[in-house]
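The lines below spell out each chain.
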Amino acid sequence: MTVEVERKFVCDAEIIGKLQDIGAKCIGQWQFRDQYFDSPNFILTLKNFWLRCREGLWELKCPAVSGTAPDNDTETLCTRYREITSLPLIQSEVSRIIREHTAEGSESNSSQREQIDKVAENEDTEICSADDTKWLNDLNLVCFAEFKTERCSYTLERETGAVRVDLDQADFGHCVGEIEVLVPEGGDMNAALQRISAIAVELGLSCEKKVKGKMHVYLQRYRPEHYEELLSAHIL
Ligand code: V4E
């Protein structure tokens, strides 16, 4: 499993020139469609878990424990998420979160609990493919966000390792850049934060405030009730 450490930044008209000036190599340009899922009462996202299907590939981003950042700006501006990409592991983890939540609130009846347990134990694995949506129904998960992204990816080779920069344009009109390093679980988080900081300095990025990602803008625009709940819970 890996931890994605990432800093978002505002994409201005000069960014491609700046990337070329500091030696970034373009490694590809592609388009993908993302669908994000949660329960109708936002059990996953209110705990900062993000369940996504991107072009048939599932991923669960889970909050990672913060390390000590090299400085306060880096701590505030970077996010850290553990990424799970194996569908059986995703199903177990998501069922666990939903089971814990429903146990806390005694919201479910015994047949709902049985359905959740079946998904947790991967009892339907023989019929479970990336296209199968039964497990989503069993866990009462619905799609709350769907959008396409055009992405240009760059890589910057440095003595300390490679750093990736993505420039994203969402189909609802939001552009955002991301500086990203993947750290194997148990790897050196502070070194990753420092590498991201160094690239941000090379790109001349200002460190004032957190930049809104695609999801932030999407929810603000199209899912105001969900957005308000996440703001109140300090998730966004
Ligand atoms: C973790 C998260 C969300 C899931 C989408 O994450 P993100 O990395 O922004 O999307 P994308 O398309 O770049 O995915 P990738 O290709 O890197 O896998 S949506 C909201 N969050 C939480 C979050 C947060 N609270 N603050 C910031 C600055 N970013 C994300």
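Each remark here, short or long, concerns the structure printed above.
If you're wondering where the values come from, they're calculated on a predicted model, not measured in any experiment. Counting from 1, residues in each chain are numbered in the order their sequence is written. The predicted origin of the model limits local features to residues at a pLDDT of at least 70 and limits the giving and counting of side-chain atom pairs to 80 or more, whereas totals for whole chains, interfaces and linings rest on all residues. Hydrogens are left out, water is left out, and the side-chain values use all remaining heavy atoms of the structure.

A. Focus on the pairing of strand S2 (residues 25-38). Pairing between strands is defined by DSSP: at least two bridges between the two strands are required. Numbering of helices and strands runs from the N terminus, with a helix taken as a DSSP run of H or I at least four residues long and a strand as a DSSP run of E at least two residues long. Sheet analysis places S2 next to strand S6 (residues 142-158), joined by 13 bridges and oriented antiparallel. The residue of S6 that forms the bridge with Gln31 is Glu150. Inspection of the sheet shows S2 paired to strand S3 (residues 50-54) by four bridges, in the antiparallel sense. Looking at the pairing, Asp34 lines up with Arg54 of S3.

B. Looking closely at the site of the ligand. The environment of the ligand is made up of 18 residues, and the closest members are Lys8, Lys61, Glu178, Lys214 and Ile235. The definition of a polar contact used here is a pair of N or O atoms within 3.5 Å, where within protein one atom must be able to donate a hydrogen and the other to accept one, and adjacent residues in sequence count solely through side-chain atom pairs. Within the backbone of Ile235, an N or O atom sits 2.8 Å from a nitrogen atom of the ligand. In these tables, accessible area is a Shrake-Rupley quantity obtained with a 1.4 Å probe, and a residue counts as shielded only by the protein chains included in the view. Notes on the ligand: free accessible area 640 Å², of which the protein chains cover 92%. Sorting the residues of the shell around the ligand by element identifies strand S1 (2-9), S3, strand S4 (57-63), strand S5 (78-84), strand S8 (175-184) and helix H7 (214-222) as the ones contributing at least two each. Side-chain classes follow a simple rule in which Ala, Val, Leu, Ile, Met, Phe, Trp, Tyr, Cys and Pro form the nonpolar group, Asp, Glu, Lys and Arg form the charged group, and the remainder, Gly included, forms the polar group. Here the residues of the shell around the ligand are counted per class, giving five nonpolar, one polar and twelve charged. For this description, a residue counts as near a given molecule or strand if any of its non-hydrogen atoms is within 4 Å of it.

C. How the structure looks around helix H6 (residues 189-202). An ideal rise of 1.5 Å per residue puts 20 Å on 14 residues; H6 measures up with 20 Å between its terminal C-alpha atoms. For H6, the full list of buried residues reads Met189, Ala192, Leu193, Arg195, Ile196, Ser197, Ile199 and Ala200. Between the side-chain oxygen of the N-cap and the backbone nitrogen of Asn190 there are 3.2 Å, and the N-cap of H6 in question is Asp188. One fewer than the residue count of a helix, multiplied by 1.5 Å, yields its expected span. To sort residues, take the accessible area from a 1.4 Å probe on protein chains only and compare it with the maximum for the residue type: under 20% means buried, over 50% means exposed, and anything in between is partly exposed.

D. Quick look at the packing of H7 against helix H8 (residues 224-232). Between H7 and H8, the least distance of the axes is 6 Å, while the angle of their chain directions is 125 degrees. One element, H7, and the other, H8, form an angle in the oblique class. Between H7 and H8, the contacting residues are His216, Leu219, Gln220 and Tyr222 on the first element and Pro224, His226, Tyr227 and Leu230 on the second. Counted by class, the contact of H7 with H8 contains five nonpolar, three polar and no charged residues. The axes used here are C-alpha line fits, helices contributing only the stretch in contact, and every angle between their N-to-C directions lies in the interval 0 to 180 degrees. The labels follow the angle: roughly parallel below 35 degrees, roughly antiparallel above 145, roughly perpendicular from 65 to 115, and oblique for the rest. For this analysis, residues touch if any pair of their heavy atoms sits within 4.5 Å.

E. Main features of the nonpolar core. What is meant by a nonpolar core is a set of buried Ala, Val, Leu, Ile, Met, Phe, Trp, Tyr and Cys residues, joined one to another through side-chain atoms within 4.5 Å. Core analysis: the biggest nonpolar cluster contains 26 residues, and Val5, Leu19, Val165, Leu167, Ile179 and Leu203 have the highest contact counts within it. Sorting the residues of this core by element identifies S1, helix H1 (15-21), S6, strand S7 (161-170), S8 and H6 as the ones contributing at least two each. Considering each element in turn, this core owes the most residues, six residues, to H6. Grouped together as the second largest cluster of nonpolar side chains are 21 residues, Leu60, Ile84, Ile98 and Leu141 included.

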